[in-house]
2 protein chains.
Amino acid sequence: MPQEKAEFLKGTLDMLILKVVAGGPIHGYAISQRIQQISKDFFQVPQGSLYPALHRLEERDWLEAEWKDTSTGREAKFYKLTRKGRAQLETEMLNWERLSDAVALILRTAG
Amino acid sequence: MPQEKAEFLKGTLDMLILKVVAGGPIHGYAISQRIQQISKDFFQVPQGSLYPALHRLEERDWLEAEWKDTSTGREAKFYKLTRKGRAQLETEMLNWERLSDAVALILRTAG
DNA sequence: CGTAGACACCTAGCTATGCTACCTGTCTAA
DNA sequence: TTAGACAGGTAGCATAGCTAGGTGTCTACG
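Quick caveat, the model's predicted, so the values are computed rather than measured.

Conventions we followed
Counting restarts for each chain, with residues numbered from 1 along the sequence as it is written. In the order they appear in the text, chains get letters beginning with A and ligands get numbers beginning with 1. It should be noted that, the model being predicted, local features are given only for residues of pLDDT at least 70 and side-chain atom pairs only at 80 or more, the latter also being counted only at that level, while totals for whole chains, interfaces and linings use all residues. Side-chain metrics rest on all non-hydrogen atoms present in the structure, leaving aside hydrogens and water. A least-squares superposition brings the copies together, and it is based on the C-alpha atoms of residues with pLDDT no lower than 70 in both. Residue contacts are defined here by distance: any two heavy atoms, one from each residue, within 4.5 Å place the two residues in contact. Paired strands, as defined in this entry, are two strands with at least two bridges between them according to DSSP. Secondary structure elements are taken from DSSP: a helix is a run of H or I of four residues or more, a strand is a run of E of two residues or more, and numbering for both begins at the N terminus. When a residue's accessible area, from a 1.4 Å probe over protein chains only, is under 20% of the maximum for its type it is buried; when over 50% it is exposed; and in between it is partly exposed. Residues counted as positive are Lys and Arg, residues counted as negative are Asp and Glu, and His and the chain ends are not counted. Take a side-chain nitrogen of Lys or Arg and a carboxyl oxygen of Asp or Glu: if they are within 4 Å of each other, that pair is a salt bridge. Residues are counted as near a molecule or strand when any one of their heavy atoms sits within 4 Å of it. We define a polar contact as two N or O atoms separated by no more than 3.5 Å, with the added condition that, inside protein, one atom must be a possible hydrogen donor and the other a possible acceptor, whereas residues neighbouring each other in sequence contribute only through side-chain atom pairs. In this count, Pro and Cys sit with the nonpolar residues alongside Ala, Val, Leu, Ile, Met, Phe, Trp and Tyr, while Asp, Glu, Lys and Arg are called charged and the others, Gly among them, polar. Every axis in this analysis is a line fitted to C-alpha atoms, fitted for helices over the stretch in contact. Angles between the N-to-C directions lie between 0 and 180 degrees. Only protein atoms enter the calculation, which uses a 1 Å grid: trapped sets of points that fit a 1.4 Å probe without letting it out are cavities, open sets showing protein on both sides within 12 Å along at least five of seven lines are pockets, and any residue with an atom within 4 Å of a point is a lining residue. Grid points are joined across faces, edges and corners, and a volume is the space filled by probe spheres set on the points. Two distance rules govern patches: like charges are joined within 9 Å, and nonpolar side chains (Val, Leu, Ile, Met, Phe, Trp, Tyr) within 5 Å, applied only to residues with over 30% relative accessible area and no salt bridge. Here the accessible surface of atoms and residues is derived via Shrake-Rupley with a 1.4 Å probe, and residues count as covered only by protein chains that are part of the display. One atom stands in for each charge, and that atom is NZ of Lys, CZ of Arg, CG of Asp or CD of Glu.

Engineer: Mind showing me how you'd approach the relation of the copies chain B and chain A here?
Structural biologist: Relative to chain A, chain B is turned by 180° and slid 0.0 Å along the rotation axis, the superposed coordinates differing by an RMSD of 0.1 Å. Within this description, the copies of the chain are treated as partners about a two-fold rotation axis. For chain B, the smallest separation between a C-alpha atom and the rotation axis is recorded for Lys10 of chain B, amounting to 3.1 Å. When you check the interface residues of chain B against chain A, 100% turn up at the interface there too, and the contact is symmetric in its surfaces.

Engineer: What should I look at first to understand the pairing of strand S3 (residues 75–81) of chain A in this one?
Structural biologist: Looking along a regular strand, one sees side chains alternate from face to face of the sheet. Residues and elements named next belong to chain A. Where strand S1 (residues 26–27) lies against S3, 2 bridges are found, and the strand directions are antiparallel. Residue pairing across strands places Ile26 opposite Tyr79, the latter belonging to S3. The pairing of strand S2 (residues 63–69) with S3 spans 7 bridges and is classified as antiparallel. Bridge pairing in S3 links Asp69 to Glu75.

Engineer: Help me understand the side chain of Glu92 of chain A, please; the structure alone is not making it clear to me.
Structural biologist: Here Glu92 of chain A lies in helix H4 (residues 83–109). Lys10 of chain B provides the closest opposite charge to the buried, salt-bridge-free Glu92 of chain A, at an N-O distance of 5.4 Å.

Engineer: Teacher, can you tell me more about the protein's contact with DNA strand C here?
Structural biologist: Near DNA strand C lie 27 residues; those nearest to it are Tyr29, Gln47 and Lys77 of chain A together with Ser49 and Arg56 of chain B. Put simply, 68% of the atoms of DNA strand C that lie within 4 Å of the protein are in sugar or phosphate. In the environment of DNA strand C, a phosphate oxygen lies 2.8 Å from a nitrogen or oxygen atom belonging to the backbone of Lys77 of chain A. Side-chain polar atom of Arg74 of chain B to a base oxygen of DNA strand C: 3.2 Å apart, as the coordinates give it. Looking at the surface near DNA strand C, the elements with two or more residues in it are helix H2 (28–38), helix H3 (47–59) and S3 of chain A together with helix H3 (47–59) of chain B. In terms of residue count, H3 of chain A provides more of the surface near DNA strand C than any other element does, 4 residues in total. For the surface near DNA strand C, the per-class residue count stands at 8 nonpolar, 12 polar and 7 charged.

Engineer: So what exactly am I meant to see when it comes to the sheet that holds strand S2 (residues 63–69) of chain B here?
Structural biologist: Adjacent strands of a sheet pair through backbone hydrogen bonds, lying either parallel or antiparallel. Residues and elements named next belong to chain B. With respect to topology, 3 strands assemble into an open sheet ordered S1-S3-S2, the strand pairing being antiparallel. Among the strands making up the open sheet, the edge pair consists of strand S1 (26–27) and S2. Its contacts with the sheet place helix H1 (residues 13–21) against S1, S2 and strand S3 (75–81), and it is angled at close to 95° to S3.

Engineer: Please explain the layout of surface pockets as it appears in this structure.
Structural biologist: If you roll a probe as big as a water molecule over the atoms, it shows you where there is empty space left. Counted as a void, the second largest pocket has a volume near 250 Å³. Only helix H2 (28–38), H3 and S3 of chain B provide two or more residues apiece to the lining of the second largest pocket.

Engineer: So what exactly am I meant to see when it comes to a negative patch on the surface here?
Structural biologist: Among the surface-exposed residues, Glu59, Asp61, Glu64 and Glu66 of chain A lie close enough to one another that they form a single negatively charged patch. Turning to its location among the elements, Asp61 of chain A is positioned in the loop between H3 and S2.

Engineer: Before we go on, may I ask you to explain the environment of Thr72 of chain B in this structure?
Structural biologist: Mapped onto the elements of the fold, Thr72 of chain B is located in the loop between S2 and S3. There is a polar contact of 2.9 Å between the side chain of Thr72 of chain B and the side chain of Thr70 of chain B.

Engineer: I'm lost on the protein's contact with DNA strand D in this one. Help?
Structural biologist: Residues in contact with DNA strand D amount to 27 residues; listed here are only the nearest, Leu9, Ser49 and Arg56 of chain A together with Tyr29 and Lys77 of chain B. Sugar plus phosphate: this is where 70% of the atoms of DNA strand D within 4 Å of the protein reside. Ser49 of chain A has a polar side-chain atom sitting 2.3 Å from a phosphate oxygen of DNA strand D. A distance of 3.3 Å separates a phosphate oxygen of DNA strand D from a polar side-chain atom of Tyr51 of chain B. If you list the elements that add at least two residues to the surface near DNA strand D, you get H3 of chain A together with H2, H3 and S3 of chain B.

Structural data, given as structure tokens:
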């Protein structure tokens, strides 16, 4: 049996997270819910993808974290975009546009 | 110095190859040229990505290979789609459509 | 009361992918 | 005769995303 893999988020996760965080400070768990909700359940970010992603984004100085209380009084790590992060988001969105255009071109033209 | 990576083809390579091969028997080197050409130079499939991809597609029985002469008389390995390969292409195209729709939704809605 | 399930965080370890950097050999054109 | 296109290939690396596990709190329900 070769391989039962999901692999939904093909290199788009970082961009999606950055985009959601661009909406204002938000904690990790809520980010994944928001991605799932907006995408109408297409994306279901597993926690094993989410948290490592958040950590690498933080390490690259694209996100900043701070522990704060949620509305329900519990503690959670709230992320916000850094200036570098905002620039990175711009770049990634542009790249994504170009990539999907190029793919669309091939899917329409080739074959 | 972190890392100077290119990473243009984010999980799309298999689909692009299948799509190009769907146009009729074609050899590896020509596949990469065709992808580059149709995408207006956006994609430049390195050989170190191309050949391993072809081999795994063949191993999954999505492609079939046969050595034949090119128009210039040289030998080359011509690939064509198997029935499974054609089905796989359908699936991947559908998935891609859904993926890019979901991403577009988030890029428009979030933030 | 106690327990299931949501909330919120995390890590280890695996696999697959795409990349750089190499290698072989032929043919054509400068 | 030599550079560069053509045509095939491999080794080894980094990374991303996944599964599967873990911690602990709070709420709701039987």
